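# Structural overview for review
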Amino acid sequence: MVKHQLPVGFVTSMNDLLGDESYDFWDSYDDPRTHGLRLNRLKTMEAPESVQRLIEHFQLSPVSWCDTGYYYDEDKRPGKHPYHAAGLYYIQEPSAMSAVEWLDPRPGETILDLAAAPGGKTSHIASKILGKGLLVANEIHPERARILAENVERMGITNAIVTSSTPDDLARRFPACFDRIMLDAPCSGEGMFRKDGGAIAEWSPAHVELCAARQWDIVQEAVTMLKPGGTLAYSTCTFNRAENEELIERILAHYPELSLHETTRLWPHIERGEGHFVAILKKQEDASAPIDSRIEPAVSQPSAGKAGRNSKQSVDRSAMAEFQEWVSQDLSDFELGPGSPRLFGEELYWLPSSDQISWTDQALKGLKILRAGLHLAHLKKNRVEPAHALAMALHPNQTARSWDVDSDSQEVLAYLRGEVLSVPADYRGWTLVTTDGLPLGWGKASNGQLKNHFPKGLRNPK
Ligand code: SAM
């Protein structure tokens, strides 16, 4: 069906690009689109039985270019399964799983995902770095950034900061800071036509040009933020050369300190997936620091005087002490990576840091942050309410009380709808609710009942 809705200009450009191969390419538009999910290694290692159950339940088959990626059939609905709410997997188009595999992020690195919503590549990076290092996940559009932040929490990611900035604002703050950068650029989406009819309606030669111009603007900021020796993955889900090879040629001509290591195209008539392009660029080890008059390195002092800063730090520290007091009673073996506590209003976060980024007040000032790392707790007068994000980052044996509900049960559905559950009469206080051992959220127990603290905005309709 899609084939007959395609713009003439697109058909002509693909015929020019592919020549005789275009026959096979056009035939692929008669095939159904592919569906995929990617397992979250932050969860799978502690839940091998649930993984097996998932694979059997949805009859998953592996994606060859991503060892955590699987296909599922169109009639299945993995987004509705309790394991999805538990962050065991992320639903992602199979070809889109290629970019982070090529980027190859490593634990301990400082990484930027510059155009990150809704969070496919961010969660893939987090699943590879396993809580070690620092991940900045940025999305320019505030509403999409909110969805990104929700996905970061659902996947139990502890070391990601979610921002909503323009690329040039980030580049001013973080020149030569990142070991690896993922730039999954906004594009004309030609590779998604089987999946997304909206992309067909939006397509025009002028739109392709506009996308290429915007990509050029964004990629320059990405290069500024790349450390000497660092790796940049540039990806799109479009076919035309202007947004892919020609853009890479332009980058290489403009930045002699960059070299091209790999380009990959995934084609729907060759692979089982939609269209995708990935290029891997590396910056020379001896590349000099970016010369850019807009850059205000994060060294100058904040507007508050030293006394003001110290008093803010002491407020942060005493909030952390209050939280630690709660931890000493309700959690065990609870450790946080490198970072510092930050209190925003009544919300306490653990702001992760790395060798390259230690979040000076100057670096934070004016930066639009949706999640300043791991949300630990909501602090009310003399009361600590543990955050949903914290629940998602824990293992049940780290909590004083947990209540497990089978993933096939009515009880799990009731919890996800926000209903009260029954628990043994001796349960009292904050209780981690899990399904087959995977955290779903908090409940608060008293008198044999578990008051539901699954966030209202995430609840399934009754
Ligand atoms: N990486 C995401 C994932 O894997 O889930 C998908 C990203 S999508 C291809 C591109 C993103 O770029 C969109 O979320 C869009 O809002 C964002 N974007 C649009 N214009 C932008 C700009 N000028 N600068 C940076 N990002 C932009």
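You'll find the structure just up there.
Scope of this entry: the structure provided in the associated data block. (Residues numbered from 1 in each chain as written. Predicted model: local features only at pLDDT ≥ 70, side-chain atom pairs only at ≥ 80, totals over all residues. Heavy atoms only, no water.)

Let us look at the sheet that holds strand β13 (residues 347-352). One open sheet holds the four strands; their spatial order is β12-β13-β15-β16, and the pairing between them is antiparallel. Bordering the open sheet on either side are β12 (339-344) and β16 (383-386), each of which pairs with just one other strand. The mean angle between the axes of side-by-side strands here comes to 30°, regardless of whether they run parallel or antiparallel. Where β12 lies against β13, six bridges are found, and the strand directions are antiparallel. (Pairing = 2+ DSSP bridges. Helix = DSSP H or I, 4+ residues; strand = E, 2+ residues; numbered from the N terminus. Axes fitted to C-alpha atoms, helices over the stretch in contact; angles between N-to-C directions.)

Right, let's get into the packing of aromatic side chains. Tallied over the full model, the rule gives 19 aromatic pairs. On the basis of an interplanar angle of 90° and a centroid distance of 5.9 Å, the ring pair of Phe 10 and Trp 26 is categorised as edge-to-face. Of this pair, Phe 10 sits in helix α1 (residues 8-18) while Trp 26 sits in helix α2 (residues 22-27); the two residues are 16 residues apart in sequence, bridging distant segments of the chain. Exposure remark for Trp 26: the relative accessible area of 11% places this residue in the buried category. Between Trp 26 and Tyr 29, the ring centres sit 5.7 Å apart and the planes meet at 40°, which makes this aromatic pair tilted. The exposure classification of Trp 26 matches that of Tyr 29, with both residues buried. What links up through ring pairs into an aromatic cluster is the set Phe 10, Phe 25, Trp 26, Tyr 29, Phe 193, Trp 203, Phe 239 and Trp 267. Against the face of Tyr 71 rests Arg 272, its NZ or CZ located 3.8 Å from the ring centre. (Phe/Tyr/Trp six-rings, centres within 6.5 Å; stacked < 30°, edge-to-face > 60°. Buried < 20%, exposed > 50% of the residue type's maximum accessible area, 1.4 Å probe, protein only. Lys NZ or Arg CZ within 6 Å of the ring centre and 35° of its normal.)

A few words on the site of the ligand. Taken together, 17 residues sit near the ligand, with Gly 120, Glu 139, His 141, Arg 144 and Asp 184 positioned nearest. Take Gly 119: an N or O atom from its main chain is 3.1 Å from an oxygen atom of the ligand. Note that a nitrogen atom of the ligand is positioned 2.8 Å from one of the side-chain N or O atoms of Asp 184. The fraction of the free accessible surface of the ligand (590 Å²) that becomes covered by protein chains is 84%. Those elements giving two or more residues to the shell around the ligand turn out to be α7 (120-129) and α11 (205-225). Taken together, the residues of the shell around the ligand sort by class into nine nonpolar, three polar and five charged. (Near = heavy atom within 4 Å. Polar contact = N/O pair within 3.5 Å; in protein donor to acceptor, adjacent residues only side chain to side chain. Areas by Shrake-Rupley, 256 points an atom, 1.4 Å probe, with all protein chains shown as cover. Nonpolar A, V, L, I, M, F, W, Y, C, P; charged D, E, K, R; others polar.)

This next bit is on helix α8 (residues 142-154). The end-to-end C-alpha separation of α8 is 18 Å, in line with the 18 Å expected for 13 residues at 1.5 Å each. With its phi angle positive at about 70°, Gly 156 sits one or two positions after the end of α8. (Expected span 1.5 Å × (residues − 1).)

Here the focus is the layout of surface pockets. Taken as a whole, the second largest pocket holds about 790 Å³ of empty space. Lining the second largest pocket are 35 residues, and of these Leu 42, Leu 130, Gly 131, Thr 158 and Ala 393 sit closest to its centre. A per-class count over the lining of the second largest pocket returns 18 nonpolar, 10 polar and seven charged. (1 Å grid on protein atoms, 1.4 Å probe; cavity = no way out; pocket = protein on both sides within 12 Å on 5 of 7 lines; lining within 4 Å. Points joined across faces, edges and corners; volume = space filled by probe spheres on them.)

Turning next to the sheet that holds strand β14 (residues 369-372). Spatially, β10-β11-β9-β8-β5-β6-β7-β14 is the arrangement adopted by the eight strands of the open sheet, whose pairing is mixed. The sheet terminates laterally at β10 (258-266) and β14, the two strands that pair on one side only. Strand-to-strand twist across the sheet, computed as the mean angle between neighbouring axes with direction ignored, equals 15°.

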